[in-house]
Amino acid sequence: MVAGSIRRRIGPRPETRNYTQPVATVGSPELLIVMGAQASAEQVDEVVARLEEAGASAHVSHGRDATVIGAIGERELLATLPLEGFPGVEQVLPILKPYKLVSRELHRDPTVIETRGRRLGDNYFGFIAGPCTVETREQTLETARVVAAEGVTMLRGGAFKPRTSPYAFQGLGVEALQILAEARDETGLPLVTELMDPRDVEAVVEIADVIQIGARNMQNFNLLSEVGRAPKPVLLKRGPSASIEELLMAAEYVVKEGNAQVILCERGIKTFERATRYTLDLSAIPVLKHETHLPVIVDPSHAAGKRDLVLPLARAAVAAGADGIIVEVHPRPEEALCDGPQQIPAAEFADFAHEIRALASLLGKTIG
Ligand code: PEP
Ligand code: MN
């Protein structure tokens, strides 16, 4: 197992990927062309054709209320085009924010992530639960059965673990992916699991339904571009010392490569406070919801570091408008190989889930 995993990690980079690559955006959208509610498809096409004729390109977003065209090209060149005079055009505005494709300006309607019939975003609340780490087949299946019985929408579990100490358990790797696949077969729950190394991308993409990029890798730009070319949604966790803008720029790396299926996750940031493992930045939720169309979820487990704090923080996250939560559950947290103090004992999960379901429905959300 050890030798195998070393060989896998230092093996040659595969020449070809066996999945089709989504279309990448070359260049940055600089101008927003807002079409009036009555604008026809032909009028949208005319604007796109004029942009292309001038050597620019277009990113068209058909929203519920309006179609917005992002004009991609040199700002100076775009400024010479009389776009405001085109029929159907209501407004032409510069995109001043450094993030473009993820911005709410360009894409006004919320993005909904759909995987194996489960939805997350807009009115759909994603309830993700499972062990921190896949330790054994039994521990994983036992947890999966408990969380599935309580109506969660996805199963989480780490196969490749980012550990502060190189001496700590690093995860079972590919073997854990097989165990997770078995848990999915039994429960029907889509899987969320972390990818740490671009060399594991094929193995993780093959099994995962949602690829997690952990907090420590939020600015691993090569990894972000790699998952931007993968045909699976990405759960991008905020770095403990990253600003909201840096998180959005990290998401921009993924979307720029063609993968617009990104879920953002607030999981606590580093502050001077020592009473909790990190400080859950609740204000990031409404700020992100204002700035981006991407769904925003919260991980109260890693933020708190203590299981007693997970429910109050989860409640606060739901009340602040989060599109979902991701929490850690273990059948016997005292035996856990990673993050024991913050994992909810499986025997207590029914009560926890009951509280979350009640609050989500009070706020008019559907558990996706
Ligand atoms: C995790 O979710 O398993 C994890 C390691 O979280 P984070 O990257 O937020 O520390
Ligand atoms: Mn953990």
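Shown above is the structure to which this text applies.
Keep in mind it's a predicted model, so treat the numbers as computed, not measured.

How each quantity is defined
Residue positions are counted from 1 within each chain, in the order its sequence is given. Starting at A for chains and at 1 for ligands, labels are handed out in the order in which the entities are written. Reporting in this predicted model follows two pLDDT cut-offs: at least 70 for local features of residues, and 80 or more for side-chain atom pairs to be given and counted; totals over whole chains, interfaces and linings ignore these cut-offs and use all residues. Each side-chain value is worked out from all heavy atoms of the structure, with water and hydrogens disregarded. Helix and strand definitions follow DSSP, with helices as H or I runs of at least four residues and strands as E runs of at least two, each counted in order from the N terminus. Taken over C-alpha atoms, the radius of gyration is set against a globule rule of 2.2 Å times the number of residues to the power 0.38. Burial status follows relative accessibility: with a 1.4 Å probe on protein chains alone, a residue under 20% of its type maximum counts as buried, one over 50% as exposed, and anything between as partly exposed. It only takes one pair of heavy atoms within 4.5 Å for two residues to be counted as in contact. Values of accessible area rely on a 1.4 Å probe in the Shrake-Rupley scheme; residue burial ignores everything except the protein chains shown. Residues scored as charged are limited to Lys and Arg (positive) and Asp and Glu (negative), so that His and the chain ends carry no count. To locate a charge, the coordinates of NZ of Lys, CZ of Arg, CG of Asp or CD of Glu are taken. Each metal site lists N, O and S donors within 2.8 Å (3.2 Å for Na, K and Ca). With water left out of the atoms, a site can look as if it is missing ligands. In the sections that follow, a salt bridge refers to a side-chain nitrogen of Lys or Arg positioned within 4 Å of a carboxyl oxygen of Asp or Glu. Note on definitions. A residue lies near a molecule or strand when any single heavy atom of the residue is within 4 Å of it. Nitrogen and oxygen atoms within 3.5 Å of one another constitute a polar contact, given that in protein one can donate a hydrogen and the other can accept it, and given that sequence-neighbouring residues count only through two side-chain atoms. Helices are assigned an expected span. That span is 1.5 Å times one less than the residue count. Any two strands with at least two DSSP bridges between them are considered paired. Crossovers are marked right-handed if the path from the first strand over the helix to the second runs clockwise, as seen with the strands pointing away from the viewer. Here an axis means a line fitted to C-alpha atoms, over the contact stretch when the element is a helix, while the angle between two N-to-C directions is reported on a 0 to 180 degree scale.

Even after reading the chapter, I still don't get the overall build of the protein, so can you show me in this structure?
Counting secondary structure elements, the protein contains twelve helices and 16 strands. For 368 residues, the compact-globule estimate of 2.2 N^0.38 gives 21 Å, and the protein sits close to it at 22 Å. Judged by the C-alpha coordinates and their principal axes, the protein covers about 70 × 50 × 40 Å. A total of 368 residues make up the protein; the buried ones form 53% of that total. The long-range fraction of contacts in the protein, counting pairs at least 24 apart against all pairs at least 6 apart in sequence, stands at 72%. Surface exposure of the protein reaches about 15800 Å², of which carbon and sulfur atoms provide 53%. Averaged over its 39 positive side-chain charges, the protein has a centre that lies 5 Å from the centre of its 49 negative ones.

Would you mind showing me how to read the coordination of the manganese ion (ligand 2) here?
Angles between donor atoms at a metal ideally measure 109.5 degrees for a four-coordinate tetrahedral arrangement and either 90 or 180 degrees for a six-coordinate octahedral one. Surrounding the manganese ion (ligand 2) are the protein donor atoms Cys132 (SG), His302 (NE2), Glu328 (OE) and Asp339 (OD), which sit 2.0 to 2.5 Å from the metal. Of note, the donors binding the manganese ion (ligand 2) are all from one chain and are spaced C-x169-H-x25-E-x10-D. Taken together, the residues cysteine 132 in the loop between β7 (124-130) and α4 (137-149) and histidine 302 in helix α10 (residues 300-304) connect sequence positions 170 residues apart. Residue cysteine 132 shares its accessibility class with histidine 302, and that shared class is buried.

Please explain the pattern of salt bridges as it appears in this structure.
Side chains that differ in sign of charge can pair as their charged atoms come close. Enumeration according to the criterion identifies 25 salt bridges in this entry. With a closest N to O distance of 3.4 Å, arginine 357 and glutamate 150 form a salt bridge. One end of the pair, arginine 357, is in helix α12 (residues 349-362); the other, glutamate 150, is in the loop between α4 and β8 (154-156), with 207 residues separating them in the sequence. Accessibility expressed as a relative area gives 17% for glutamate 150, which makes it buried.

I would appreciate a short explanation of the site of ligand 1 in the present structure.
Neighbouring residues of ligand 1: Arg156, Lys161, Pro162, Glu194, Gln212, Gly214, Ala215, Arg216, Lys237, Arg267 and His302. Arginine 156 has a polar side-chain atom sitting 2.8 Å from an oxygen atom of ligand 1. A distance of 2.8 Å is found between an oxygen atom of ligand 1 and a side-chain nitrogen or oxygen belonging to arginine 216. Its free accessible area being 300 Å², ligand 1 has 97% of it covered by the protein chains.

What's the story with helix α11 (residues 307-319) in this structure? I'm lost.
It helps to recall that an α-helix has 3.6 residues per turn; residues three or four apart then point in one direction. In this model, α11 (13 residues) spans 19 Å end to end at C-alpha, consistent with the 18 Å of a helix rising 1.5 Å per residue. Just downstream of α11, glycine 321 is the residue with a positive phi angle, here 105°.

Hey, could you run me through unusual backbone geometry in this one?
A negative phi angle characterises most non-glycine residues, just as the trans form characterises most peptide bonds. The backbone of arginine 116 shows a phi angle near 45°, a positive value even though the residue is not glycine. A positive phi angle is found at aspartate 339, which is not glycine, with a value near 55°. As for its placement among the helices and strands, aspartate 339 is situated in the loop between β14 (324-330) and β15 (344-345). Relative accessible area serves as the criterion here: at 17%, aspartate 339 is assigned to the buried category.

How do you make sense of the environment of valine 47 when you look at a structure like this?
Following the sequence through the fold, valine 47 ends up in helix α2 (residues 41-53). C-alpha separation for the pair valine 47 and valine 34, spaced 13 residues apart in sequence, amounts to 11 Å. When sequence neighbours within four positions are dropped, the list of residues in contact with valine 47 reads Ile33, Met35, Ile69, Leu83, Phe86 and Val89.

Whenever I open this one, the pairing of strand β10 (residues 210-213) confuses me. Can you help?
Two faces make up the sheet, and in a regular strand the side chains alternate between them. A two-sided burial pattern is seen for β10, the buried positions comprising Val210 and Gln212 on one face and Ile211 and Ile213 on the other. The pairing of strand β9 (residues 191-194) with β10 spans three bridges and is parallel. In the strand pairing of β10, glutamate 194 is matched with glutamine 212. The β-α-β motif built from β9, the intervening helix α6 (residues 201-207) and the parallel element β10 has right-handed crossover chirality. Note: β10 against strand β11 (residues 234-237), three bridges, orientation parallel.

Teacher, can you tell me more about the sheet that holds strand β2 (residues 57-62) here?
Strand pairing in a sheet is mediated by backbone hydrogen bonds. Such pairs are either parallel or antiparallel. Here we have four strands laid out as an open sheet, ordered β2-β3-β1-β4, and antiparallel in their pairing. One side of each edge strand has no neighbouring strand; the edge strands of this open sheet are β2 and β4 (89-94). Between one strand and the next, the sheet's axes are offset by a mean angle of 20°, whatever the strand orientation. Bridge count for strand β1 (residues 29-35) against β4 is five bridges, and the pairing is antiparallel. Among the inter-strand pairings, leucine 31 is bridged to a residue of β4, identified as proline 94. Packing against the sheet, α2 makes contact with β1, β2, β3 (67-72) and β4, and its axis sits at approximately 5° to β3.

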